[in-house]
Every structure is written in structure tokens, then in C-alpha cells.
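# Breakdown of the fold
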Amino acid sequence: MEPDLAARALGAATEIATAALSGDDPEAVLRLVVRRAADLAEADLGLVMARAEDGSLTVEAAHGAPVLPDTTDPVGLVLSARSAAARVARGGVAVVVDDVWTDPRTSPFVPRELRAYGPFAAAPFGTAQRRLGALTVYRRRGAKPFQATTVDLLAAFAAQAGLVLLLAEGATARARIGLYQERARIARDLHDVIVQRLYAAGMRLDLMARRPSRKLARTDAARLTEAIDQLDASIADVRAVVRALRNPDPADTAADLAESVRGEVAIAGELLGFEPTLTIDGDLHDVPADLADHTRAALREALSNVVRHSGAHHVSVHIGRDGGLALTVADDGCGIPEGVSHRGLKHLEERAAQAGGRCAIDSSSRRGTTITWTVPLG
């Protein structure tokens, strides 16, 4: 190989490695690969083609001006699994042809978009363990064919460029894992610290507003109610951020529902002055994200009613799997007083209905209140 050509090949490989490992857009890296390959081979057109499961190839990047006025951009072009480039991608052996139109290995499979080209060379793109596709170069019809040294250089360059892209793919995956871990940490801090503090503050304000010994002026009561509403809205916003951080993919399962239940019960215990009894039956890790969100909200609403209205001395919370997901909150208080807004109870019923379940409320001044919230799983 000529020293100048070898130096150019080394420079091109270094440039591609720098771009790929620095996190550049994969499409931009592919365009750089095909541009440098066409320059090294002194070709009029270069193509990078990716393999599909059926063996066909799809052009992912191209370099070179159209030879004919009506020639379309070859990006997106699909080549048959029987084409020479597809055989190169499968077998891992480079091919060189003097004229794609006259050589029997290529002539039956040349698409119309490439009818202006003659000399052709193809090299496998990727590694022996993972063949990504093929790197092909073309010259106009009537131009001199590609030399054997050029084909050898193209094959080595394609293998090296493919290895760099695979390494970059691994580095990107590791960076993505690190990002998800950081998102999970932020979500945990928001949920375990910020949300619980906001919720506790809102409950304390609500209790203060309801104490008969503290008669507030109408304007002060209105301001207090507005502040509580704003806290509720802030909690909803933060919880939405937590869901997005924990579950960037909607198909992902929810964050630990059991841990969320423990947190909600602990907050209620601070406000009640005693710790509710909590029982968790079964593994809740695989509860779907949307159902887990409904369950958290239902528990929060049920405990909020206990804190605000019941005057209970004992509260029990049970959550577990019984064919579906069942949540029970029971207290020994005075029941749900007449005249109390039933907005929260309505929300419980609506959430159960949205999840395909039901909500039963049994309330008595003698027995207290029991809320049973059940939804199907799967």
C-alpha cells in the first residue's frame, strides 16, 4: 500500500473513532464513514448498508452527487437478500466487480437508482462476531475498475470503522445506564423528602383550619384553603415529575409500590399521633405503573379522610394480592360526618373504575369507617 494512502486511511480511522467515542449522532458518524471510504477509494458514490432480519440491506448513509438528473437519493433504498452486497454482508468476504451491469454476480440485482455506475466494490461492515452490513463504493460507467489494493484497504477500513461504532454503542449504553441511575436517585429524593414534607404541611394546615377552637376570619380561611389547594397541586406536579424520572418508558413497571405505601402510612402516623398498623401481603414490584399510581392516590385519599374526620384511636392498612390488588383502610373513629365534602370519596371510586375495579365504603358512628379498594391485575 502506498504510504500516502496508508496515512490517509489512518487519519480517516482516527477521525471516525474520535467522532463515535465522543458521543456524536450515530447518523452523522455513518455519514462520516461513507464519506471517508469514498474518498479513500476515489469513488463517485459510497453507501453504508445495514442488514435486516430477512437478509436484505437498507442504505443508511450515502456520499456522492447524483450522476443522472433524475436519480433519487439512495438513502432508504432496499437491496435484495440475493444481491452481491447482501452476500458480502452475510459471508464477510469482500467483492470487486468491473461492471455491475455485465457481471452475472451483480447484474440481476442492480436497482434503477444505481444504473449510472459500473465499477463496484463491497466490503463487510462490522466485525466477525457482529456483521452490521456492507460498505460499498461505485464509479461511473466507463471509469477504471477498483484495484485489489483499494479493495483490501476498503475491507480493513470497514472492519475498523464497524468496531469503533460497536465500541461507541457500548459506551452509549453505559452512559444511558448511568443516566437512569441518576434519574432514579433524583426521583427517590423528590418522593421521599419533598413530596412527604409538602403533604404533611398541607395536612397540618387543613387540621388547623378545622379546629373549632380557632375561629378564622372568612378572608383568612379562604387564604388558608387556597394555600392547601396550591400544596395539593404542587404535590401532583412533583409526583408527575417523579413518574417521568422513574419510568421514561411507559412500558416499564412502577417504582416500588410497597415502599410508597410505607411512606404514606408513616406520614399519616405523624399527623395522627400514632402509627397505623400496616400489612403487606405478596410481592408488589411487578404492579404496572399506571395501576401503582392509582393505588398510591387511593391510599393517600383514604388516609387523608381518617386524619381529617375520624378522631380514630386505631387505624389499619392492608394491601396485597388476592386475585387482583386489594387495599383496605379501616379505623375505629366516628365515621364520615354528615355535611363533609364527598369529593375525596368520589375520587376513590373514580380511580377504581378507571382501573376496572371497585371501591366499597362502610361507615358508621359506632364501628368507624372501612374503605375497601380493589382492582384487577393483568
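Notes on the structure in this doc start here. (Residues numbered from 1 in each chain as written. Predicted model: local features only at pLDDT ≥ 70, side-chain atom pairs only at ≥ 80, totals over all residues. Heavy atoms only, no water.)

## What about the packing of aromatic side chains?
Given two aromatic rings, their pairing is described by the distance between the two centres and the angle made by the two planes. To be explicit about the condition: Between 30 and 60 degrees the pair is tilted, below 30 it is stacked and above 60 it is edge-to-face, where a pair is any two Phe, Tyr or Trp rings, Trp via its six-membered ring, whose centres lie within 6.5 Å. Here a helix means four or more residues in a row that DSSP labels H or I, a strand means two or more in a row labelled E, and each is numbered from the N terminus. To sort residues, take the accessible area from a 1.4 Å probe on protein chains only and compare it with the maximum for the residue type: under 20% means buried, over 50% means exposed, and anything in between is partly exposed.
Counted under the stated rule, the structure contains two aromatic pairs. Between tyrosine 117 and tyrosine 138, the aromatic rings sit 5.8 Å apart at their centres with planes inclined by 55 degrees, giving tilted as the arrangement. Pair noted here: tyrosine 117 is in strand E5 (residues 117–126) and tyrosine 138 is in strand E6 (residues 131–140), with a separation of 21 residues, a long-range link. Like tyrosine 117, the residue tyrosine 138 is buried in the burial classification. When the ring of phenylalanine 120 is compared with that of tyrosine 138, the centres are 5.1 Å apart and the planes differ by 45 degrees; the resulting orientation is tilted. Pair noted here: phenylalanine 120 is in strand E5 and tyrosine 138 is in strand E6, with a separation of 18 residues, a long-range link. For the pair phenylalanine 120 and tyrosine 138, a shared accessibility class is recorded, and that class is buried.

## Topic: the sheet that holds E5
The criterion, for reference: Pairing between two strands is assigned when DSSP locates at least 2 bridges connecting them. Every residue pair with non-hydrogen atoms within 4.5 Å of one another is taken to be in contact. Note on method: axes are straight lines fitted to C-alpha atoms, helices fitted across the in-contact stretch only, with angles between N-to-C directions ranging 0 to 180 degrees.
Ordered in space as E3-E2-E1-E6-E5-E4, the six strands form an open sheet in which the pairing is antiparallel. Since the sheet does not close on itself, it has two edges, and those belong to strand E3 (78–79) and strand E4 (95–97), each with one partner. In this structure, E4 lies alongside E5, joined through three bridges in antiparallel fashion. Pairing of valine 96 across the sheet is with alanine 121, part of E5. Each of strand E1 (45–51), strand E2 (57–63), E3, E4, E5 and E6 is contacted by helix H3 (residues 84–91), which is oriented at about 145 degrees to E6, the strand it contacts most.

## A few points about helix H7 (residues 289–310)
Residues spaced three or four apart along an α-helix face the same direction, because each turn holds 3.6 residues. Quick note on the threshold: Expected span, for any helix, means 1.5 Å times one less than how many residues it has.
Given a rise of 1.5 Å per residue, 22 residues ought to cover 32 Å, and the 31 Å separating the end C-alpha atoms of H7 matches this to within 8%. When you tally the buried positions in H7, you get 18 out of 22 residues, the bulk of the element. Immediately beyond the C-terminal end of H7, within one or two residues, lies glycine 311, with a positive phi of roughly 65 degrees.

## Some words on unusual backbone geometry
Excluding glycine, residues mostly have negative phi values, and the peptide bonds linking residues are mostly trans. The phi angle at glutamate 42 is positive, at roughly 50 degrees, despite the residue not being glycine. Relative to the helices and strands, glutamate 42 is located in the loop between helix H2 (26–41) and E1. The exposure class assigned to glutamate 42 is exposed, which follows from its relative accessible area of 53%.

## Points about the pairing of E5
Counting buried positions along E5 gives 10 out of 10 residues, so the element sits mostly inside the fold. The pairing of E5 with E6 spans eight bridges and is antiparallel. Bridging from a neighbouring strand, phenylalanine 125 pairs with glycine 133 of E6.

## A word on the sheet that holds strand E8 (residues 315–322)
Taken in spatial order, the five strands line up as E7-E8-E9-E11-E10 in an open sheet, and their pairing is mixed. Lying at the two open borders of the sheet, with one neighbouring strand each, are strand E7 (277–281) and strand E10 (358–364). If you compare each strand with its neighbour and ignore which way they point, the axes differ by 5 degrees on average. As paired elements, E10 and strand E11 (residues 368–376) share seven bridges and run antiparallel to each other. Residue pairing for E11: serine 363 is matched across the bridge by threonine 369. Lying over the sheet, helix H6 (residues 257–272) contacts E7, E8 and strand E9 (324–331), oriented at roughly 170 degrees with respect to E7. Along the sheet, H7 makes contact with E8, E9 and E11, crossing E9 at roughly 10 degrees.

## Quick word on the pairing of E9
Taking burial as the measure, the eight residues of E9 include seven buried ones, the bulk of the element. Between the antiparallel neighbours E8 and E9 lie one residue, among them glycine 323 with a positive phi of about 85 degrees. The pairing of E9 with E11 spans eight bridges and is classified as antiparallel. Pairing of glycine 324 across the sheet is with proline 376, part of E11.

## Side note on the nonpolar core
The condition is simple: In this text, buried Ala, Val, Leu, Ile, Met, Phe, Trp, Tyr and Cys residues form a nonpolar core when linked through side-chain atoms within 4.5 Å.
Formed by 32 residues in total, the largest nonpolar core has its most connected members in Leu257, Leu303, Leu325, Leu327, Val329 and Trp373. Of all the secondary structure elements, the ones that give two or more residues to this core are H6, H7, E8, E9, helix H8 (343–354) and E11. Other than its neighbours up to four places away in sequence, leucine 325 contacts Leu257, Leu284, Val287, Leu291, Thr295, Ile319, Gly320, Trp373, Thr374, Val375 and Leu377. Counting residues in each nonpolar core, the second largest holds 24 residues, with Ile16, Leu30, Val137 and Ala158 among its members.

## Considering the environment of alanine 156
Relative to the assigned elements, alanine 156 resides in helix H4 (residues 148–210). Considered as a pair, alanine 156 and alanine 123 are 33 residues apart in the sequence and their alpha carbons are 8.4 Å apart.

## Focus on the environment of glycine 64
As for its placement among the helices and strands, glycine 64 is situated in the loop between E2 and E3. Glycine 64 sits 26 residues away from alanine 38 along the chain, and the two C-alpha atoms are 8.0 Å apart. Beyond its immediate chain neighbours, meaning those up to four positions away, glycine 64 contacts Asp44 and Leu45.

## Points about H6
A rise of 1.5 Å per residue sets the reference length of H6, with its 16 residues, at 22 Å; its end C-alpha atoms lie 23 Å apart and thus fit the reference within 8%. Positioned one or two residues after H6, glycine 273 has a phi angle of 90 degrees, which is positive.

## Some points on the pattern of salt bridges
Here is the rule we go by: In the sections that follow, a salt bridge refers to a side-chain nitrogen of Lys or Arg positioned within 4 Å of a carboxyl oxygen of Asp or Glu.
Counted according to the given criterion, the structure contains eight salt bridges. For arginine 36, the salt bridge identified is with aspartate 39, shortest N-O distance 3.3 Å. You can see arginine 36 and its partner aspartate 39 sitting in helix H2, three residues apart, about one turn around the helix. When its relative accessible area of 36% is taken as the criterion, aspartate 39 is described as partly exposed. Of the charged contacts, one joins glutamate 259 and arginine 262 as a salt bridge, the two residues approaching to 3.3 Å between their closest N and O atoms.

Fair warning: the whole summary comes from geometry, so function is off the table for now.
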